[in-house]
Amino acid sequence: MVKKKRLRLIAEMARKIRAYRELKSRPRESQKYALDYETMKRPFTGKMLPVLAWQDVRRESRLFSLLAGMRLFGVGRLFTRKSWLEDHSEPSYWQITKVKVDYTSENMDHGKAWGILTYKGKKESEVKEMDKVMYHDWRLIPKHMEQQFKDFEPLPEPPVRYVAYPPLLRAMLLAQQKKAGGSRVAEEPVLPLKRDVLLNKDYFHTQEQERQRKEGTAV
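If you're wondering where the values come from, they're calculated on a predicted model, not measured in any experiment.

The next thing to look at is the overall build of the protein chain. Across its full length, the protein chain holds eight helices and eight strands. Of all 219 residues assigned to the protein chain, the portion counted as buried reaches 23%. By sequence separation, contacts in the protein chain at least 24 residues apart represent 54% of the contacts at least 6 residues apart. Surface accessibility of the protein chain: about 18,100 Å² in total, with carbon and sulfur atoms responsible for 55%.

As structure tokens, then:
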């Protein structure tokens, strides 16, 4: 008979109590990302923000600083980032679907948010948690511009015509090119996905004649 494992109820309860205490002792979002705007330091870690970020910190807003003053905490609205507007010509934005506010923060300007990401005009299908919500570069898209962002259609991607060779075959081809070309820089070999020639008997016969002409006839 298999001996039954004895339950250690007191030990199990102690483990749960330790896990609960550890969970309660973890710093909240409002504690971790609190910022002293005079010294540009985070009091919890004592780290100073990069100097290049100071201007954005003073002029731009964090995501929850915008959500805290909106109806339903901005659920259903579109938000973008200053860096996306500067770096990409295609629209990139989040559509908020769910917000979990940290009510212990002073102005309720901390928490977590979920939404659907549209990046460079390509909309994702799954809802996921928004990242970098503590960055000072979030902007609300006005109502009258939302449809303009949504109606954008990205250009189709060009078809892939060439792929890289496998590593071993690539090394062999580069060695052959270097041997034939001497000190000349070898070109990166690529494998075309579309054949420009018809692989029939005449093609292989021509290739064999060309090879014999280069190498010569064995005596």
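The discussion continues.
On to the pattern of salt bridges. Within this structure, the stated rule accounts for ten salt bridges. As a salt-bridge pair, Asp56 and Lys82 come within 2.6 Å of each other at their nearest N and O atoms. Of this pair, Asp56 sits in helix α3 (residues 54–59) while Lys82 sits in helix α5 (residues 82–87); the two residues are 26 residues apart in sequence, bridging distant segments of the chain. A salt bridge links Glu124 to Lys128; the nearest nitrogen and oxygen atoms lie 3.2 Å apart. What emerges from the salt-bridge pattern is a single network uniting Asp56, Lys82 and Glu86.

In this section: the pairing of strand β3 (residues 111–119). The buried fraction of β3 is high, at seven of nine residues. For strand β2 (residues 93–101) and β3, the ladder comprises eight bridges, and the chain directions are antiparallel. Its bridge partner lying in β3, Trp94 is registered against Leu117. Bridge count for β3 against strand β5 (residues 128–129) is two bridges, and the pairing is antiparallel. What sits directly across from Trp114, in β5, is Glu129. The antiparallel pairing of β3 with strand β4 (residues 122–123) creates a hairpin that spans two residues between the two strands, and Lys120 there sits at a positive phi of about 55°.

Scored by pLDDT, the protein chain comes out at a mean of 83, with 89% of its residues at no less than 70. Within the protein chain, helix α8 (residues 201–215) has the poorest average pLDDT of any element, 77, and strand β1 (residues 78–81) the best, 95.

Time to look at the packing of aromatic side chains. A ring pair, where both rings are aromatic, is described by two values, the distance of the centres and the angle of the planes. All chains considered together, the criterion is met by three aromatic pairs. A centroid spacing of 6.4 Å and a plane angle of 70° characterise the contact between Trp84 and Trp138, whose relative ring orientation is edge-to-face. A residue pair is termed long-range when its members are at least 10 positions apart, and Trp84 in helix α5 and Trp138 in strand β6 (residues 138–140) qualify at 54 residues. Classification of Trp84 by relative accessible area gives buried; the value is 12%. Residues Tyr93 and Phe149 carry aromatic rings whose centres are separated by 5.9 Å and whose planes lie at 80° to one another, so their mutual orientation is edge-to-face. With Tyr93 in strand β2 and Phe149 in helix α6 (residues 143–150), this pair connects stretches of sequence that are 56 residues apart. In this structure Phe149 comes out as buried when scored by relative accessible area, which is 14%. Linked through ring pairs, Trp84, Tyr119 and Trp138 together constitute an aromatic cluster. Positioned above the aromatic ring of Trp138 is the side chain of Arg81, whose terminal nitrogen or guanidinium carbon lies 5.7 Å from the ring centre.

This part covers unusual backbone geometry. In this model, Phe73 sits at a positive phi of 55°, which is unusual for a non-glycine residue. Its location among the elements puts Phe73 in the loop between α4 (63–67) and β1. Notably, Lys132 is not glycine yet its phi reads approximately 60°, a positive angle. Here Lys132 shows up in the loop between β5 and β6.

Glancing now at the side chain of His136. Within the fold, His136 resides in the loop between β5 and β6. Looking at His136, its side chain comes within polar contact range of the side chain of Tyr37, at 3.2 Å. Among all residues touching His136, those that are not within four sequence positions of it are Leu35, Tyr37, Asp56, Val57, Glu60, Ser61 and Arg62.

Cut-offs used in this document
Residues numbered from 1 in each chain as written. Predicted model: local features only at pLDDT ≥ 70, side-chain atom pairs only at ≥ 80, totals over all residues. Heavy atoms only, no water. Helix = DSSP H or I, 4+ residues; strand = E, 2+ residues; numbered from the N terminus. Buried < 20%, exposed > 50% of the residue type's maximum accessible area, 1.4 Å probe, protein only. Contact = heavy atoms within 4.5 Å. Areas by Shrake-Rupley, 256 points an atom, 1.4 Å probe, with all protein chains shown as cover. Salt bridge = Lys/Arg side-chain N within 4 Å of Asp/Glu carboxyl O. Pairing = 2+ DSSP bridges. pLDDT = per-residue confidence, 0-100. Phe/Tyr/Trp six-rings, centres within 6.5 Å; stacked < 30°, edge-to-face > 60°. Lys NZ or Arg CZ within 6 Å of the ring centre and 35° of its normal. Polar contact = N/O pair within 3.5 Å; in protein donor to acceptor, adjacent residues only side chain to side chain.

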